[in-house]
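Fold and contact review
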Amino acid sequence: MGIEQKEIRTLSILIPAYNEENTIQTILGKIRDTALPKGVGKEIIVVDDHSIDSTGAKIKEFRDSNPDVCLKYTRHEVNSGKGSAVRTAISLSTGDIIIIQDADLEYDPADYNLLLPYLLSGEYKVVYGSRFLYKENRHSYLRFYWRGQLVSWVAGVLYSQKLTDEPTCYKMFDAALLKSIPLVCTGFEFCPEVTAKVSKLGYKIKEVPIHYYPRSIEDGKKIKWYDGVEAIWTLLRYRF
Ligand SMILES: Nc1nc2c(ncn2[C@@H]2O[C@H](COP(=O)(O)OP(=O)(O)O)[C@@H](O)[C@H]2O)c(=O)[nH]1
Ligand SMILES: [Mg+2]
C-alpha cells in the first residue's frame, strides 16, 4: 500500500517584505505565474514589516488587480525584523507545505517545483534549496559567499547534517512540523534557529540545487556582516 496522500494540497508562500517597492509586484507576478504540480494550490502571505516606502501600496495594488490570486496581506505596527515577519506569516498560513520567499528577485519561484517532490512524496519534511550546488550560479560578493560556506559548515558539523547552503532563503517545510516548533527569532537568525531546532528533533534536511540571481547592496540587500556572526552564535547556542 502506498503513502496515503490528500487530493488537494496547498503550498503557503511566506514573504517577509521590508522596503521592497522596486521588486514586490514582480515577485508576486512570478509566483502567480508559477505552475505547481497537479493537485497543489498556492496561498501567498505577505507581511509588510512597517515599510516606509510604497511596498504596502504596491501589495494592495497587486491584490486588487489579481482577485484570483489567494493573497493575504498584513502590516506590522512597528518594524520588527525578518524573523518576526516570518513568524507572523507562519501563524496566518493554512497550507500543508510552507516555503519562505524573500521579496527581492534573488530566487526564482519556478524552483518551488525542484523542492516540492521531496515533501509531496513524504520522504522528507524539510528541504532546502542550495545556491552552491548549482555551479553556474554567480555570487555577488566574495564575503557573502565565504560567510555562507562557513555558516553551512558549522551547521553541518554541529547538527550532523550534510549542508552546502544553510542560510538559503528557500527553506520548505511540512507545515505541521514547522508550526510545532516554538520560534523566538526576530531578525535574520530565523535560518539558524530553524535549522538547529529541526535537526535536534532528528529530521534530515534534503538539499536540492536552485538558481540564484544575487542583488547588490545598492539594489537593496539588507543583510550585514554581523548577521553571519549572529548565525554562528545562534547555531552554537541551540547546540549546547
Ligand atoms: N520583515 C522584514 N524583512 C526584512 C527586514 N530586513 C530585510 N528583510 C527582508 O528579508 C529578505 C532578505 O533580505 P536580503 O537583504 O535580500 O538578505 P538575503 O537575501 O538573506 O541576503 C527580503 O525580503 C527583505 O525585504 C526587516 O527588517 N523586516
Ligand atoms: Mg535577498
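Notes on the structure in this doc start here. Small disclaimer: the values here were computed from a predicted structure and weren't measured. (Residues numbered from 1 in each chain as written. Chains lettered and ligands numbered in written order. Predicted model: local features only at pLDDT ≥ 70, side-chain atom pairs only at ≥ 80, totals over all residues. Heavy atoms only, no water.)

**Here we look at the site of ligand 1**
Close to ligand 1 lie 18 residues, the nearest being Glu-20, Asp-49, Asp-104, Lys-221 and Lys-222. Take Pro-16: an N or O atom from its main chain is 3.0 Å from an oxygen atom of ligand 1. One nitrogen or oxygen atom from the main chain of Lys-82 is found 3.4 Å from a nitrogen atom belonging to ligand 1. Taken by itself ligand 1 offers 570 Å² of open surface, and the protein chains cover 93% of this. Broken down by secondary-structure element, the contributors of at least two residues to the shell around ligand 1 are strand E1 (9-17) and helix H3 (82-92). Of the residues in the shell around ligand 1, the class split is 7 nonpolar, 2 polar and 9 charged. (Near = heavy atom within 4 Å. Polar contact = N/O pair within 3.5 Å; in protein donor to acceptor, adjacent residues only side chain to side chain. Areas by Shrake-Rupley, 256 points an atom, 1.4 Å probe, with all protein chains shown as cover. Helix = DSSP H or I, 4+ residues; strand = E, 2+ residues; numbered from the N terminus. Nonpolar A, V, L, I, M, F, W, Y, C, P; charged D, E, K, R; others polar.)

**Notes on the coordination of the magnesium ion (ligand 2)**
Within the protein, Asp-104 (OD) and Glu-106 (OE) serve as the donor atoms for the magnesium ion (ligand 2), at 2.0 to 2.1 Å. The class for Glu-106 is buried, based on a relative accessible area of 3%. (Donors = N, O, S within 2.8 Å, 3.2 Å for Na, K, Ca; no water. Buried < 20%, exposed > 50% of the residue type's maximum accessible area, 1.4 Å probe, protein only.)

**Topic: the state of the cysteines**
A complete count under the given rule lists 0 disulfides for this structure. Unpaired in this structure, Cys-70 has its nearest cysteine sulfur neighbour in Cys-169, at a distance of 19 Å. Sulfur of Cys-169: no disulfide; nearest cysteine sulfur belongs to Cys-191 and is 7.3 Å away. We classify Cys-169 as buried; its relative accessible area is 4%. (Disulfide = S-S within 2.5 Å.)

**Remarks on the pairing of strand E3 (residues 71-75)**
Where strand E2 (residues 40-48) and E3 come together, 5 bridges link them in parallel fashion. From the neighbouring strand, Ile-45 faces E3, where its bridge partner is Lys-72. Handedness of the crossover joining E2 and E3 through helix H2 (residues 55-65) is recorded here as right-handed. (Pairing = 2+ DSSP bridges. Right-handed = clockwise from strand over helix to strand, strands pointing away.)

**Structural notes on a nonpolar patch on the surface**
On the surface, a nonpolar cluster with roughly 340 Å² of combined accessible area is contributed by Leu-150, Trp-153 and Val-157. Positionally, Trp-153 belongs in helix H5 (residues 142-159). (Patch = residues over 30% accessible without salt bridge, like charges linked within 9 Å, V, L, I, M, F, W, Y side chains within 5 Å. Salt bridge = Lys/Arg side-chain N within 4 Å of Asp/Glu carboxyl O.)

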